[in-house]
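# Architecture at a glance
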Amino acid sequence: MKVALSRRKFLKAGMVAGVAVYLAPLGGKAFAALFEDKILTPVAWDPKNGQARIRIDGKAKVTGAKVFARDIRAQDMPHWPQQQSHAFILRATRTDRLYAGVDLSLLGEDLKPDRVVTAADLARDGVAFPAFYGADMLLPEGKQAAYLGHAVAILIYDDFARYRFAKDKLQFQAAVLRYGEAVPPMERDPWATFRFVRVGGATSQDDDKFSSLGQAPVFPSMMRKQQPVWPDGIEHGKLGEQGMFYANQIKAELDSPPADWLVLERAYKTQSVDTAALEPDNANCWYDAARQELHMVVASQGPQEVIDSTLEMMKKASFPLKALFVHPCYTVGYGSKDHYNFPFYGLVCALYGNGKPVRLANDRYEQFQTSIKRHAFDMKYRMAVDRKTGMMQSFAGTFEGNGGGRANFSPSVVMVAATAAQSVYYFPKNDFAAVALATRAIDAGSARGYGTLQSMAATEMMVDEFAEQLKLDPIEFRLRNALRSGMKNSQGAIPAGAIRVDEVLRKAQSHPLWSARARRKTEYEAAHPGKRYGVGFACVQKDFGTGAESSLARVEIEADGKIRLWHSGTEIGTGMSTSQAVAVAKWLGHAADEILTSVTDWADLPVVATGDPYIMSQAEQDKLAANPRWSPTYCSPASATNSAYYYTHSTREAARVVFMHGLWPAAMAIWSQGIAGGQAASLVVRVEDARWVDGKLSAGGLEALPFERIVKKAHELGLVTGAAVHAFNRWQWSEADWEIPGSGGGNASVRLPVDGLSLRYGDGKGKAGTPNGYRVLDRKRAYMPATQRNGAMVTYYSCVGTLVELAVHEGSGKVELLGHHSIMECGNMLSPQLVSGQLQGGLAMGIGHALHEYLPLYEDGPGNGTWNFNRYHLPRASDVAVWNQTAEVLPPVSETDPPKGIAEVVMIPVVGAIVNGIAHAIGHRFTELPVTPQRIKEVLA
């Protein structure tokens, strides 16, 4: 949406901790393209099928016209100095010696930096990371680096040419950093440790004897030599002691199982993987000391988190701040830019940039050296199955995730890995212990898959091995043990809605790839000497969301019928801007004409969030909820596959309010015009019968009214034409009771699944309220999800099963994918084309994880600064069955099914399917990823 503001008007925004904070969708030619017609074209929406013909930014993407944060320079920004400075960071490549400073003599006088920033500068000026990111933003001299790639100094140049020559001169030169005496490896306690124990009743429907939801997760009583010490097991002791009592029972039973049990114990190992974002990390920031203003162009999945963390950081620093301008741009990353520390190094560059804007942008070597990695996992599984019935009995697992040098999201990644390990199966008993290790490796964080890729792929490998030993068809074995609707997960929570795993499994079982696999193997190997043919299958269901999801959305309809949507969610290449524009059509009959994402200015709906939603007590929540402006969280970053379900909820609730209190009463007013109640008087007219057909609204046989006519009437009558909402979800939506004023003075009492609401009536002009003419409503009563629901860990799932046919070359060990077929369950799709794109991209990532991608963790890995794509094998077209990949989507149970998040789950089952397919081909089961040609040749030798 085009915005024309003077500088004076531009400097009007909300105050946070005494600082004026702005989202700034303004700029010169390049920056304006982020938000205007060059990029965000109106949705090409087909009202007959309710789908977008192309995505909003589709043309810009394929023509290369889409502008990312990395493309922005100082000259593109309004009010910025035109001279652009540049910076790069020097990083430690050793952790076995004390850091002793930098040696820039290689540069000579001509290439000396205009400013060198060190830890001493930061300490003097009170500049430090926000608490989430840990200590030593720059490593002080005389201290041991906590991890490979630890930043030690920032070099700033006022001109590009000298910057470029200097960077080339210093890159790969070990002598640039000085090191002192040798030191032993740093020993640190794990970033986090959890244990999830459940012992169910006689059936899943009976009460659990113990579970994380019913009682609590188990936490260590102490750490000894960086290892957790668990509480003593006492049946009637404290909750942790009770949990360990049942954990010990599970262990004893697996140690000495009943005669009919088959118990397998296996160790699985997955590698460190680069997130390989196509846009390397970057920031362009300017500190205007005279005005005490900070301007930041950043690539982030969570602009609000950048704002909050920047304010936290600046509050302690000696640089005064009156105003903060954050320019969130289009970015890509799938986790790599979620709560990552790079924007704050850009901030430091600005503080020491001598009043000039400073651009900090990784090249590919630097990106490999510093970007968030997918966790390497070591897992030990013990699983028991009854030989006679083929029913799973017990599952114990330990999960060690290598979190690297900073905590980032490692605690929740290992927690999610453990709680997901059950995959699509029901276990009467489980004991899962998860540890996030603190090591000298590069930070690992919220990479796509978020721990579940590692744990569920291993489960699928073990399940296939069980089926082989029990001499059962692997899919038939899965069907016997599939989690059904109403059954409990490993935390004791009942998953939301219908669980359709069995439908996915039956589809796979009847597919020709599976049913004819024996014949196809014989025929293929006869026709291709030297190659071995195999078919593998895996099926998983992945949770979506974090347990503390929140978002804001604002929907408006102008008198000319134009629909505008503002949303707090960020577009990171998933197509959420398109899907959210389409989502409003459910209630408004048309897609949004304009959408603005990454919105952080919500003056029309003030919401305050305090406390930690994961650990707050019920009493604390009840007390805080008495404030009608309070919610447990403010807005979530684009992560955890949250756009399809969570973002759509706030979008549709805003649209629903506009319909129910604007368009519907306007339509009724038209239908009731005339003598004795008009055409509506003779009919029974119910709002639940309302339907949009070809852009017209009808109900119960009434005249179909054009959208534009209804909107015009709503404006004439001063009805609701705009709504802003805030929503929160802790595995259940918050709700509240509202009194919604009507145009005639009466109020409507409603309960809505939102905890914040403001409304615009008519054009909103001349009305008291917010700057855009909104009335902020006070909820009469709030119904927040109980804090106990944190123990559920997950309840929302989507399911995907994948069949893979492959060939293994006996001589080279190379695996060739011949074809793959995926079966998805994802509710009502907002955009089938976007779902297809998610699947294709996810499959490629899963294939890379299974067969190709690998990073050494330590000194010979990317932390030494020498890694690039010349050493790292991302899957290419030749690695993917480009022309032989097919998919099908289960039809929704009904037209009322919500859309489900699938962006992560689509990449997971192909990993287990490939490993299982290799086992079918060569008769060997691998337990370590990736399965490289070298490993296959060793087996076949």
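Relevant structure appears above.
The structure contained in this document is the topic of the report that follows.

Rules and cut-offs
Residues numbered from 1 in each chain as written. Predicted model: local features only at pLDDT ≥ 70, side-chain atom pairs only at ≥ 80, totals over all residues. Heavy atoms only, no water. Helix = DSSP H or I, 4+ residues; strand = E, 2+ residues; numbered from the N terminus. Rg over C-alpha atoms; globule rule 2.2 N^0.38 Å. Buried < 20%, exposed > 50% of the residue type's maximum accessible area, 1.4 Å probe, protein only. Contact = heavy atoms within 4.5 Å. Lys, Arg positive; Asp, Glu negative; His and termini not counted. Charge placed at Lys NZ, Arg CZ, Asp CG, Glu CD. Polar contact = N/O pair within 3.5 Å; in protein donor to acceptor, adjacent residues only side chain to side chain. Pairing = 2+ DSSP bridges. Right-handed = clockwise from strand over helix to strand, strands pointing away. Axes fitted to C-alpha atoms, helices over the stretch in contact; angles between N-to-C directions. Parallel < 35°, antiparallel > 145°, perpendicular 65-115°, else oblique. Nonpolar A, V, L, I, M, F, W, Y, C, P; charged D, E, K, R; others polar.

### Notes on the overall build of the protein
Check the secondary structure of the protein and you find 23 helices and 38 strands. Scaling as 2.2 N^0.38, a compact globule of 941 residues should have a C-alpha radius of gyration of about 30 Å, and the protein matches this with 29 Å. Within the protein, the fraction of its 941 residues that count as buried is 60%. Long-range pairs, those at least 24 residues apart, make up 77% of the contacts in the protein between residues at least 6 apart in sequence. Positive and negative side-chain charges in the protein, numbering 101 and 97 respectively, have mean positions lying 2 Å apart.

### Comments concerning unusual backbone geometry
Omega for the peptide link from Leu 929 to Pro 930 comes to 0 degrees, which places this bond in the cis form. Tracing the sequence through the fold places Pro 930 in the loop between helix H22 (909-922) and helix H23 (933-940). The residue Ala 276 is not glycine, and still its phi comes out positive at about 50 degrees. Within the secondary structure, Ala 276 sits in the loop between strand E14 (273-274) and strand E15 (282-288). Of note, the phi angle at Trp 731 is positive, near 55 degrees, even though the residue is not glycine. Examined against the element boundaries, Trp 731 turns out to sit in the loop between strand E30 (720-729) and strand E31 (735-741).

### Overview of the environment of Thr 275
Within the fold, Thr 275 resides in the loop between E14 and E15. By relative accessible area, Thr 275 is classed as buried at 14%. When the C-alpha positions of Thr 275 and Val 750 are compared, they lie 45 Å apart, and in sequence the two are 475 residues distant. When residues no more than four places from it in sequence are discounted, the contact partners of Thr 275 are Ser 336, Ser 371, Ile 372 and Ala 447. A distance of 2.8 Å separates a polar atom in the side chain of Thr 275 from the backbone oxygen of Ile 372.

### A word on the pairing of strand E17 (residues 323-328)
Counted residue by residue, E17 has six buried out of six residues, so it is predominantly covered. Every second residue of E17 is oriented toward a common face, with Ala 323, Phe 325 and His 327 on one face and Leu 324, Val 326 and Pro 328 on the other, all of them buried. Bridging between strand E16 (residues 293-298) and E17 involves six bridges; their strand directions are parallel. Within E17, the residue paired with His 295 across the bridge is Phe 325. Following the backbone out of E16, through helix H7 (residues 303-316) and into the adjacent parallel E17, one traces a crossover that is right-handed.

### Section: the packing of helix H19 (residues 643-671) against helix H20 (residues 707-716)
Remark: H19 packs on H20, axes separated minimally by 8 Å, with the N-to-C direction vectors making an angle of 95 degrees. For the element pair H19 / H20, the angle class is roughly perpendicular. Residues Gly 662, Leu 663, Ala 666, Ala 667, Ala 669 and Ile 670 of H19 form the contact with H20, whose own contacting residues are Phe 707, Arg 709, Ile 710, Val 711, Lys 713 and Ala 714. Here the contact of H19 with H20 is composed, by residue class, of nine nonpolar, one polar and two charged.

### Structural notes on the pairing of strand E36 (residues 797-809)
Of all 13 residues in E36, twelve are buried; the element is thus mostly enclosed. For strand E23 (residues 531-543) and E36, the ladder comprises 13 bridges, and the chain directions are antiparallel. Considered in E36, the bridge of Asp 543 is made with Tyr 797. Pairing between E36 and strand E37 (residues 815-825): ten bridges, direction antiparallel.

### So, the sheet that holds E30
Note: strands within a sheet are paired through backbone hydrogen bonds, in either parallel or antiparallel orientation. Taking strand neighbours across the sheet as the criterion, the six strands line up as E26-E25-E24-E30-E33-E34 in an open arrangement whose pairing is mixed. Every other strand in the sheet has two partners, leaving strand E26 (594-596) and strand E34 (774-776) as the edge strands with one partner each. Mean inter-strand twist for the sheet, computed between neighbouring axes without regard to direction, equals 15 degrees. Relative to strand E25 (residues 563-567), strand E24 (residues 549-557) runs antiparallel, the two being bridged by five bridges. By the bridge assignment, Val 555 is partnered in E25 with Leu 565.

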